[in-house]
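# Commentary on secondary and tertiary structure
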Amino acid sequence: MKNSNEKKQKSQLLSNTRRGFVKNTALFTGGAMLLPNLQMNAMVNVLNDKKLKIALVGCGGRGTGAAVQALNADDNVELVAMADAFEDRLKSSLMNITKAMGESKKVKVKEKNQFVGFDAAQKAIDLADVVILATPPGFRPQHFEYAINNGKHVFMEKPVATDVPGVRKVLAAAKKAKENKLNVVVGLQRHYQDNYLAALDHLKKDAIGSIVSGQVYWNSGGVWVRERQPGQTELEYQMRNWYYFNWLCGDHILEQHIHNIDVANWFIGEYPISAQGMGGRQVRTGKDHGEIYDHHFVEFTYPSGAVIASQCRHMPETMSRVSEFFQGTKGTVSTEGDNATLKDWSGKTIFEHRGKDDPNPYQVEHIKLFESIRNGGVIADAENGAKSTMSAIIGRMATYSGKVIKWDEAMQSNLALVPDILTWDSQAPVQPNADGMYDIPTPGKTTVI
């Protein structure tokens, strides 16, 4: 009875809903922060009580939130180093993490271990056992490669690259990570979310047969914009306003919609072999909107013959929808928010998951990472993270070019968006014209491979 009660208590401590998590722990999205009034207790494996040192690379809102979640995931960890291109972002992040952790003694980032600049990541990584990679995704491949080459466990945000050379670099490092038994968790948190896991369990039991088609959505009003400030160089401006430049972000079909495309890959059990689609800019057309589109529609075709219709949109005052809906040979499955529903073709409900009391997946992914490290296990998310990144990239290639993009051909591309070496004296990879506008991808003209 005692063991049962202890397990129940731990389960209750970790089972915060998304709603409860917002109330009770630190959650950072788009730079906003909510401070906790309840510290989460985490599980510690008594077989391995080594103090694990954490480094945060990328100190924006998502990195700050991930650091707090990591610190709450295990009793015997401490944040020892931080890195960012900008000192003001690092200082703000450190202040917010310290506030979020309250009286905890886990935040131990000395002044000498606060690194700023393009070479800051490597310096912070060197000091840690576990690394959080949360910079703009263009930098992810080189940071991940360095971390794995130096024997670090990694949590990295999605997507894991913005171009094909970056995807190949991540795939190579992912292989090395598995060989060296290093844990890698990628921030595709639906893989750690109960409603998706429950739906997948029923799919594996053939509840709706084989998936033959589906629709996946990330339609919203859009995200933040950071206007150009007096005295900024072009490179600093693009780094500050990174969401709107492909070398840093990869467009919102990659940076956001990867979540839904990844669910399609996951549930089907395959990666697409081709993509074709269309997109453009109708609403976000200003100078501060850089070079990316505000809407994409893509058809992904899979080896099994399944076809997934993918749509994402950043337009205010339009229908918002972030969800997935799939059709199988015997029925359907839908996922929305914390819920999942499977029905047969007569409309009868086969299975329904209502997740208002589920653990928050953003926290769970960190708990699972540290549990695996403690237990000597290996979580190997990086290969799937790279292939779902590639799936979204071929979707972007299809909308930008207006052509059918085949996976195998695209994987051979050497078109690099991200420079190998950058300093503050470097020229930004893309430049505005005399009117301050950037070249916009044009179907039929733009080269994507």
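The structure contained in this document is the topic of the report that follows. (Residues numbered from 1 in each chain as written. Predicted model: local features only at pLDDT ≥ 70, side-chain atom pairs only at ≥ 80, totals over all residues. Heavy atoms only, no water.)

## With respect to the overall build of the chain
Regarding its fold elements, the chain presents 14 helices and 17 strands. Counting every position in the chain, which comprises 449 residues, the buried fraction comes to 56%. Contacts spanning at least 24 positions in sequence make up 74% of the contacts within the chain whose residues lie at least 6 apart. Summed over all atoms, the accessible surface of the chain reaches about 19300 Å², with 50% contributed by carbon and sulfur. (Helix = DSSP H or I, 4+ residues; strand = E, 2+ residues; numbered from the N terminus. Buried < 20%, exposed > 50% of the residue type's maximum accessible area, 1.4 Å probe, protein only. Contact = heavy atoms within 4.5 Å. Areas by Shrake-Rupley, 256 points an atom, 1.4 Å probe, with all protein chains shown as cover.)

## Overview of helix α11 (residues 258-268)
Burial analysis of α11 places 11 of its 11 residues in the buried class, the great majority of the element. For α11, the set of buried residues is Ile258, His259, Asn260, Ile261, Asp262, Val263, Ala264, Asn265, Trp266, Phe267 and Ile268. Phi turns positive, to about 85°, at Gly269, one or two residues after α11.

## Overview of the pattern of salt bridges
Once the charged atoms of two side chains with opposite charge are near each other, the side chains can pair. Applying the stated criterion across every chain, the model contains 18 salt bridges. For Glu78, the salt bridge goes to Lys108, with nearest N and O atoms at 3.3 Å. Of the two residues, Glu78 is situated in strand β4 (residues 77-84) and Lys108 in the loop between α4 (87-101) and β5 (114-116); the sequence distance between them amounts to 30 residues. Using a relative accessible area of 9% as the deciding quantity, one classes Glu78 as buried. Across the salt bridge formed by Glu324 and Arg190, the nearest N and O atoms sit 3.8 Å from each other. Here Glu324, found in strand β13 (residues 321-328), pairs with Arg190, found in the loop between β8 (184-186) and α8 (194-204); they are 134 residues apart in sequence, far enough to count as distant. With respect to class, Glu324 is no different from Arg190; both count as buried. (Salt bridge = Lys/Arg side-chain N within 4 Å of Asp/Glu carboxyl O.)

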